[in-house]
Each structure stands twice: as structure tokens, then as C-alpha cells.
Amino acid sequence: MGRILAIDYGRRRVGLAVTDILQIVPNGLTTVRACDALDYITRYVAAEDVEQIIIGLPRQMSGEYSESMTYIRPFVKKLKAAVTTPIAFVDERFTSILAQHAMTEAGLKNKIRKDKGMVDEISATIILQSYMDNRAAATDTI
């Protein structure tokens, strides 16, 4: 059994989270600049046993894709060309809000809560937990 890697892809930053090798616990991995994400993920997948990649799928309240898809689609196309690991998508609505709430509930200081990289990493962890809770709801196409 390999790890599951989750990606919260943003225009500037990409939050990453990963499970343990038994796929029981999701943990934040890091946040990287969007321009470095493909290289980082490719190297990570080559170094670790990654069984599945999950990408947050940005949707509006109506269910339609948000405009973020204009930069996520090209990234996914490049990622699919770079790795053979299966890729699935999970609805990421409200993950940033949930991440901010989790940081507040954890008692993190305001300075840390304003760290957008930390928010992105926690968002990726929420995406990963959502996937783990609802594996049947993941989709493999966008």
C-alpha cells in the first residue's frame, strides 16, 4: 500500500498533504510555489511510494467549475505527462474556510493564521481527509 498525496493548487502557492503508508492518517507535507510544484511533486512521487494523487477541484456554489480551472487544467495535463500515478479530483469548496477555522480552534496565534502557506497546507490536508472519507465520490476527469 502506498501513500496518497493531496494537492491544493493555487495560482501562487500549492499546498500538499500526504497520508502515512497505511493510508490511515493525513498530514500536511509542505507548501511550494506554484512554479515549483510540478518539479517538487515529480521528485516526491519518484522518491516515495505514492499510490494516488488527489487534486482539489474548485467549484462555485452552483456546482460549476470556478475560474481557477484555467490554471489548474494545464498543471494537471503536465502532471499526467510527468507521473504514472493515478490522479483523482475532490470537490474543494470551503476548504480554505475550514482551514482558517481549524487554525483558530487549535489556538494558533494570529500571525500564524495569516500565513497563507499554512492555510494552503491545511486545505490540502482537508482535501485529503475528505477523499479518505468519501473515496467513492472522487472523479478521475475534469
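Quick caveat: nothing in here was measured; it's all calculated off a predicted structure.

*Asks:* Go over the overall build of the protein, please, and point to the residues and values.
*Replies:* Along its length, the protein carries five helices and five strands. Tracing the protein from N to C terminus, the helices and strands come up as β-β-β-α-β-α-β-α-α-α. A burial count over the protein gives 42% of its 142 residues as buried. Partitioning the contacts of the protein with sequence separation of at least 6, the portion at a separation of at least 24 is 65%.

*Asks:* Please give an account of the confidence of the model for the protein that cites residues and values.
*Replies:* When pLDDT is averaged along the protein, the result is 82; 71% of the residues meet or exceed 70. Per-element confidence in the protein is highest for helix H1 (residues 34-47), whose mean pLDDT is 97, and lowest for helix H4 (residues 110-113), whose mean pLDDT is 54.

*Asks:* Describe the sheet that holds strand S4 (residues 50-57), naming the residues involved and giving the relevant values.
*Replies:* Strand order in the open sheet formed by five strands is S3-S2-S1-S4-S5, and the pairing between neighbours is mixed. In this open sheet, the two strands that pair with only one neighbour each are strand S3 (26-33) and strand S5 (87-91). Between one strand axis and the next, the sheet turns by 25 degrees as a mean value, whatever way the strands run. In terms of strand pairing, S4 meets S5 through five bridges, oriented parallel. The partner of Ile55 across the bridge, within S5, is Phe89. Taken strand by strand, H1 contacts strand S1 (3-9), strand S2 (13-19), S3 and S4, and its axis lies near 135 degrees from that of S3.

*Asks:* Go over the environment of Val50 with me, naming the residues and quoting the values.
*Replies:* For Val50, the position within the fold is in strand S4. Between the C-alpha atoms of Val50 and Ile4, which are 46 residues apart in sequence, the distance is 5.8 Å. In this structure, Val50 is in contact with Arg3, Leu5, Tyr44, Val45 and Thr85, ignoring residues within four places of it in sequence.

Parameters and conventions
- Residues numbered from 1 in each chain as written.
- Predicted model: local features only at pLDDT ≥ 70, side-chain atom pairs only at ≥ 80, totals over all residues.
- Heavy atoms only, no water.
- Helix = DSSP H or I, 4+ residues; strand = E, 2+ residues; numbered from the N terminus.
- Buried < 20%, exposed > 50% of the residue type's maximum accessible area, 1.4 Å probe, protein only.
- Contact = heavy atoms within 4.5 Å.
- pLDDT = per-residue confidence, 0-100.
- Pairing = 2+ DSSP bridges.
- Axes fitted to C-alpha atoms, helices over the stretch in contact; angles between N-to-C directions.

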